[in-house]
Amino acid sequence: MRMTLLRLSRAATAALVAAAALTAAAHSAEAAEAADTLGSAAAAQGRYFGTAVAASHLGEAGYVSTLNREFDSATPENEMKWDATEPTRGTFTFSAADRVVDHAQAQGMDVRGHTLVWHSQLPSWVGGLGAADLRSAMNNHINRVMGHYKGEIHSWDVVNEAFQDGGSGARRSSPFQDKLGDGYIEEAFRTARAADPAAKLCYNDYNTDGVNAKSTAVYTMVKDFKSRGVPIDCVGFQGHFNSNSPVPSDLRANLQRFADLGVDVQITELDIEGSGAAQADSYARVVEACLAVDRCTGITVWGVTDKYSWRSSGTPLLFDGNYAAKPAYHAVLSALGGSGGGGNPGGGTATCTATYTRTADWSTGYNGQVTITAGSEPIGSWAATVTFASPQRVQATWNATPTWSGNVMTARPSWNGTLAAGASTSFGFTVAKNGSDAAPVVGGCTVS
């Protein structure tokens with residue numbers, strides 16, 4: 001168990017628990033009044049909304065301000081994996097993971113632990129062990145890592161990605177499967193329960209979001225575990241989607257059949273490649289599926305900003321590389337029952353709206369104008385997203401500074417950011433149609 005400022009004494013721990021309870025109550029009250037961030041809107045629905053966090057980015061102001069403002073749960077992206085925590089047998093290092101956990105706790109966030117037993121990101125020494133040594137090493141790794149964070153982790157991904165892709169429903173080849181056999185998953189869960197009885201214990205996998213051979217194999221394992229008293233509390237569905245692997249139409253039904261086994265379900269690594277309205281719709285459908293299942297306890301997106309995503313070329317997250325909220329962000333917030341949000345770090349009530357007008361039109365192109373209007377309070381700056389239909393191309397803009405994520409333009413003021421209450425300004429663009437006459441989609445205005 002780690003000895004940090006967060007764990008100085010039992011009295012200090014008790015004080016922290018009391019403070020956390022007061023913080024949680026305050027957060028709950030705030031959520032009831034104005035759910036204008038992902039975390040507060042999810043909390044109002046009895047869920048959490050989290051993100052993967054990389055310790056290496058915690059020195060970047062935009063990263064930290066967006067993380068702190070929007071999310072109420074954190075998952076260390078790589079810092080708790082085996083190669084990061086036990087690179088040499090019996091020698092453990094937790095400094096990077098501690099940085100993520102300490103930051104999350106300081107912000108009142110829950111922490112998901114990721115991950116204890118996984119075939120990937122293993123140090124080379126693990127694969128060279130014989131069966132008896134491997135069993136000992138696996139159990140020691142679980143005990144040491146969970147023991148270090150005992151009482152501090154909401155949910156652990158105990159075993160990750162143990163099943164093959166495709167239609168076989170078979171177990172994946174790995175040092176654990178090949179040398180210890182099918183029983184290693186059960187053993188890992190039993191070891192984890194003893195290591196930290198208070199933590200939720202999850203199995204986590206990808207391509208299991210819909211009903212298919214792989215998800216059914218996981219379902220059969222979980223059903224067996226529940227029938228025999230093997231300790232498992234939750235199942236994680238990673239949710240990595242793109243055009244070749246879209247959000248399945250039976251996501252809700254699949255989540256529900258697992259929930260009916262008596263386990264919680266969580267969306268654990270959500271990212272959806274794309275942009276604009278299509279990406280926004282896909283995100284909204286995932287949120288709606290989770291909200292429709294009582295035991296779907298929360299959603300984690302796999303990163304704060306597109307620029308640091310493991311799939312950055314696919315722009316799969318809710319904030320672009322400049323931390324501007326994308327249409328997908330507003331779709332998620334709306335699906336959660338929230339409003340506004342996406343760029344008011346000060347937590348104030350200032351708002352703005354964005355409306356679109358086509359001001360000129362010809363056979364090969366058009367001019368468009370977006371009018372930004374301040375709400376009942378003055379604003380110091382604003383940002384608006386505009387999504388253009390492919391294969392249209394923007395040839396010129398004026399009165400705004402644009403940045404791009406795919407075909408989504410985020411416009412910020414070039415000089416006209418400060419507006420009095422009720423006042424308006426505008427920016428414009430010239431678009432080459434390239435065969436498409438579709439109107440662009442304005443994703444909304446955020447105060448920044």
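Numbering of residues starts from 1 in each chain and follows the order in which that chain's sequence is written. For a predicted model such as this one, the threshold for reporting local features is a pLDDT of at least 70, and the threshold for listing and counting side-chain atom pairs is 80 or more; totals across whole chains, interfaces and linings nevertheless cover every residue. No hydrogens and no water enter the side-chain calculation; it runs on all heavy atoms of the structure.

**Observations regarding the pairing of strand β5 (residues 200–205)**
Residue burial is assigned from relative accessible area. The probe radius is 1.4 Å, only protein chains are included, and a residue is buried under 20% of its type maximum, exposed over 50%, and partly exposed in between. Per the convention used, a helix needs a DSSP run of H or I reaching at least four residues, while a strand needs a run of E reaching at least two, with both numbered from the N terminus. Burial analysis of β5 places five of its six residues in the buried class, the great majority of the element. Strand pairing requires that DSSP identify at least two bridges connecting the strands. Sheet topology places strand β4 (residues 155–160) next to β5; five bridges connect them, and they run parallel. Across the sheet, residue V159 finds its bridge partner in β5, namely Y203. Of the pairings in the sheet, the one linking β5 to strand β6 (residues 234–237) comprises four bridges and is parallel in character. Its bridge partner lying in β6, C202 is registered against C234. The handedness rule is simple: strands pointing away from the viewer, and a clockwise path from the first strand over the helix to the second, make the crossover right-handed. Handedness of the β-α-β unit built from β5, helix α10 (residues 213–228) and β6 comes out right-handed.

**Re the packing of aromatic side chains**
Any Phe, Tyr or Trp ring, taking Trp's six-membered ring, that has another such ring centre within 6.5 Å forms a pair; planes under 30 degrees apart are called stacked, those over 60 apart edge-to-face, and the others tilted. Applying the stated rule across the entire model yields 16 aromatic pairs. Relative to F427, the ring of W382 lies with its centre 5.7 Å away and its plane at 15°, an arrangement referred to as stacked. With W382 in strand β12 (residues 382–387) and F427 in strand β16 (residues 424–432), this residue pair connects regions lying 45 residues apart in the sequence. Each of the two residues, W382 as well as F427, counts as buried. With a centroid separation of 6.4 Å and 50° between ring planes, the pair formed by F427 and F429 is classed as tilted. Of the two residues examined, F427 and F429, each falls in the buried class.

**Examining α10**
One fewer than the residue count of a helix, multiplied by 1.5 Å, yields its expected span. With 16 residues, α10 extends 23 Å from end C-alpha to end C-alpha; this agrees with the ideal 22 Å at 1.5 Å per step. Those residues of α10 lying buried are K214, S215, A217, V218, Y219, M221, V222 and F225. It only takes one pair of heavy atoms within 4.5 Å for two residues to be counted as in contact. On its buried face, α10 sits against α9 (183–195), β5, β6 and α11 (251–259). G229 lies just past α10 and shows a positive phi near 80°.

**A look at the UniProt feature "active site" (unreviewed entry) in the chain**
UniProt positions are given in the numbering used here, feature names are shortened, and annotations may be inferred rather than shown by experiment. With numbering matched to this structure, UniProt assigns "active site" (unreviewed entry) to E269. Residue placement: E269 occurs in strand β8 (residues 264–272). The class for E269 is buried, based on a relative accessible area of 6%. If near-sequence neighbours (up to four positions away) are discounted, E269 is found in contact with H114, N204, F237, Q238, G239, H240, T300 and W302. Separated by 3.1 Å, the side chains of E269 and N204 make a polar contact. Pairs of N or O atoms within 3.5 Å make up the polar contacts considered here, provided that, within protein, one atom can donate a hydrogen while the other can accept it, and that residues adjacent in sequence are counted only when both atoms are side-chain atoms.

**Here's the deal with the state of the cysteines**
The definition used for a disulfide is geometric: two cysteine sulfur atoms within 2.5 Å. Evaluation of the coordinates by the stated rule reveals three disulfides. Paired by a disulfide, C202 and C234 hold their sulfur atoms 1.9 Å apart. On the S-S bond that ties C202 to C234, the torsion sits near -80°, and the link is left-handed. Of this pair, C202 sits in strand β5 while C234 sits in strand β6, placing them 32 residues apart in sequence. For C234, a relative accessible area of 1% corresponds to the buried category. Between the sulfur atoms of C352 and its disulfide partner C445 the distance amounts to 1.9 Å. Judged by the torsion about the S-S bond (-95°), the C352/C445 disulfide is left-handed. Placement of C352 in strand β10 (residues 352–362) and of C445 in strand β17 (residues 441–447) is noted, with a sequence separation of 93 residues between them. Summarising the burial analysis for this pair, C352 and C445 share the class buried. Counting only the cysteines that take part in disulfides, in the order they occur along the chain, gives the pairing 1-2, 3-4, 5-6.

**Some details on the packing of α9 against α10**
Here, axes are lines fitted to C-alpha atoms. For helices the fit covers the stretch in contact, and angles between N-to-C directions go from 0 to 180 degrees. The N-to-C vectors of α9 and α10 enclose an angle of 50°; their axes lie 12 Å apart at closest approach. It follows that α9 is oblique to α10 by the angle criterion. Our pair here, α9 against α10, has a crossing hand that is right-handed. In contact with I185, E186, F189 and R190 of α9, α10 contributes M221, F225 and R228. Think of it as three bins: nonpolar holds Ala, Val, Leu, Ile, Met, Phe, Trp, Tyr, Cys and Pro, charged holds Asp, Glu, Lys and Arg, and polar takes everything else, Gly as well. A class-by-class count of the residues in the contact of α9 with α10 yields four nonpolar, no polar and three charged. Angle categories: roughly parallel below 35 degrees, roughly antiparallel above 145, roughly perpendicular from 65 to 115, and oblique for all the rest. The crossing is said to be left-handed when, going from far helix to near helix, the turn is anticlockwise and less than a right angle, and right-handed when the turn is clockwise.

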